Amino acid sequence: MRDEELTDEQTSRFRRDGFLRVPGLLAEEEVDRFGEAVDRAVEERTRHDPRPLEKRSRYEQSFRQCLNLWEDQPEVRPLSFHPCVGRAAAALLETEAVRIWHDQALYKESGGRETDPHQDQPYWSIAEPRTVTAWIPFQPVRQKNGAVGYLPGSHRSGLREFANIFGSTGLDLDAFPETRNKSFDYVEAEKGDVVFHHGLTVHRAYPNTTAETRRAHTVIFFADGCTRSAFRHPSVDRPGIPLGAAIESELTPIAWPRPDGDPPPAPRPPRQPLPGWPASAAEKRQKGNSA
Ligand SMILES: O=C(O)CCC(=O)C(=O)O
């Protein structure tokens, strides 16, 4: 792992473009170890769903998405709260402290279709545009296995548009002057690199035309002090954060800096299983917590 501050050149590139690849932020050895832990978690979370790719929804054909792994997967938690990743996120957001919004594995299987264009922040209930995602691949990423492409500067364009990638084809790029006839920068990455993008950066990803799954873990951070908007989301609905209040709870703990660098404890499990969270996992955690 590269225990160094980001350079001024890197932070100003992020401010300009809305995305940044940080080469070698993690050591290859830890990427391999965390990759195996996330593989096990994805296997556990998706075991109940044997549908082949062609039987899944259009959205599900882009990737297997497993949310909030830090909560019930103790071997994944140190990755989501990795000090090098959290510190870089805080530097990019130009803030003293960042909280986690949620984490998720995004596994684009062999034959997985493209990821449709979208901005992330319209899916979240965070009012201020002070959010950043760390996209952590577990193998080298090329265009042929699903590299992500970003529209440079789109986070500064004023566009903040909910795109229905769940049931439709994503952001209609021709519909907005901010995105019409603009080209995406596709970012290839090596093992150990972390690619950051701002919550308002328009992005998409290539399909996976290789025989191997493209495995990535992502962690979404927001600047401490951000407040709740009207949109509904488990990260604020579960702890009951009121509209306009600062988003602070055991579900969105400070990710960086942490006292002693330790990850936080697991929060109380949800009453209802989250989407993509099999009931069995929630029950297992209920039993574990009450033991
Ligand atoms: O991994 C992908 O295919 C897309 C990534 C993405 O949309 C995200 O991290 O917000």
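Residues numbered from 1 in each chain as written. Predicted model: local features only at pLDDT ≥ 70, side-chain atom pairs only at ≥ 80, totals over all residues.

Asks: Looking at this structure, I do not really get the overall build of the protein. What am I missing?
Replies: Scanning the protein for helices and strands turns up 7 helices and 11 strands. Here the C-alpha atoms of the protein give a radius of gyration of 18 Å, agreeing with the 19 Å that 2.2 N^0.38 yields for 291 residues. In terms of overall dimensions, the protein has C-alpha extents of about 55 × 45 × 40 Å along its principal axes. Residues classed as buried in the protein amount to 42% of the 291 residues present. Residue pairs at least 24 apart in sequence account for 82% of intrachain contacts in the protein once pairs closer than 6 positions are excluded. (Helix = DSSP H or I, 4+ residues; strand = E, 2+ residues; numbered from the N terminus. Rg over C-alpha atoms; globule rule 2.2 N^0.38 Å. Buried ≥ 20, exposed ≤ 12 C-beta atoms within 10 Å, placed from the backbone. Contact = placed C-beta atoms within 7 Å.)

Asks: Teacher, can you tell me more about the nonpolar core here?
Replies: Side chains that are nonpolar tend, in soluble globular proteins, to be buried together. One finds A88, A89, L92, V98, V194, F196 and F221 to be the most contacted residues of the largest nonpolar core, which totals 65 residues. Residue contributions to this core peak at 7 residues, all from helix α5 (residues 83-93). (Core = buried A, V, L, I, M, F, W, Y, C linked by C-beta atoms within 7 Å.)

Asks: Is there a simple way to explain the environment of E161 in this structure?
Replies: Relative to the helices and strands, E161 is located in the loop between β6 (148-150) and β7 (185-187). Sequence spacing of E161 and L200 is 39 residues, and the spatial spacing of their C-alpha atoms is 8.9 Å. Not counting residues up to four positions away in its chain, the partners in contact with E161 are Q119, P122 and L171.

Asks: Please explain the site of the ligand as it appears in this structure.
Replies: Neighbouring the ligand are 13 residues; L106, T115, D120, A205 and T218 lie closest to it. Contributions of two or more residues to the shell around the ligand are made by β3 (98-108), β5 (131-137), β9 (203-205) and β10 (214-223). A breakdown of the residues in the shell around the ligand according to their chemical character gives 6 nonpolar, 5 polar and 2 charged. (Near = placed C-beta within 6 Å. Nonpolar A, V, L, I, M, F, W, Y, C, P; charged D, E, K, R; others polar.)

Asks: Where do I start with the sheet that holds β6 in this structure?
Replies: Paired through backbone hydrogen bonds, the strands of a sheet run either parallel or antiparallel to each other. Taken in spatial order, the 4 strands make up an open sheet running β4-β9-β6-β7, and their pairing is antiparallel. Both edges of this open sheet fall to β4 (115-118) and β7, since each of them pairs with a single strand only. Neighbour-to-neighbour, the strand axes of the sheet open up by a mean angle of 25°, direction not taken into account. (Pairing = 2+ DSSP bridges. Axes fitted to C-alpha atoms, helices over the stretch in contact; angles between N-to-C directions.)

Asks: Looking at this model, I keep getting lost on α5. Mind explaining?
Replies: In an α-helix, one turn spans 3.6 residues, which is why side chains three or four residues apart end up on the same side. Across the 11 residues of α5, 8 count as buried, placing the element largely inside the fold. Immediately beyond the C-terminal end of α5, within one or two residues, lies E94, with a positive phi of roughly 55°.

Asks: What is the right way to look at unusual backbone geometry in this model?
Replies: Among all residues except glycine, the phi angle is most often negative; among peptide bonds, the trans geometry is most common. In this structure, P257 follows W256 across a cis peptide bond, with omega equal to -5°. With respect to the helices and strands, the residue P257 is situated in the loop between β11 (254-256) and α7 (279-290). Notably, E94 is not glycine yet its phi reads approximately 55°, a positive angle. With respect to the element layout, E94 can be found in the loop between α5 and β3. Using a count of 11 C-beta atoms within 10 Å as the deciding quantity, one classes E94 as exposed. Even without being a glycine, D260 presents a positive backbone phi close to 60°. Residue class for D260 comes out exposed when judged on the 5 C-beta atoms lying within 10 Å of it.

Asks: Explanation requested: the environment of G199 in the structure shown.
Replies: Residue position: G199 is located in the loop between β8 (194-198) and β9. The sequence separation of G199 and R271 amounts to 72 residues, and the corresponding C-alpha distance is 28 Å. Excluding residues that lie within four positions of it along the chain, G199 makes contacts with D120, Q121, P129, T131, V132 and T133.

Asks: What exactly am I supposed to notice about the pairing of β5 here?
Replies: When a strand is regular, its side chains alternate between the sheet's two faces. Extensive coverage of β5 is indicated by the burial of 7 of its 7 residues. Burial of β5 is two-sided: the residues T131, T133, W135 and P137 facing one way and the residues V132, A134 and I136 facing the other way are all buried. When β5 meets β10, the two strands line up antiparallel, connected through 7 bridges. Bridge pairing in β10 places T131 opposite F222. Across 4 bridges, the pairing between β5 and β8 is antiparallel. Residue pairing in the sheet places V132 in a bridge with H198 of β8.

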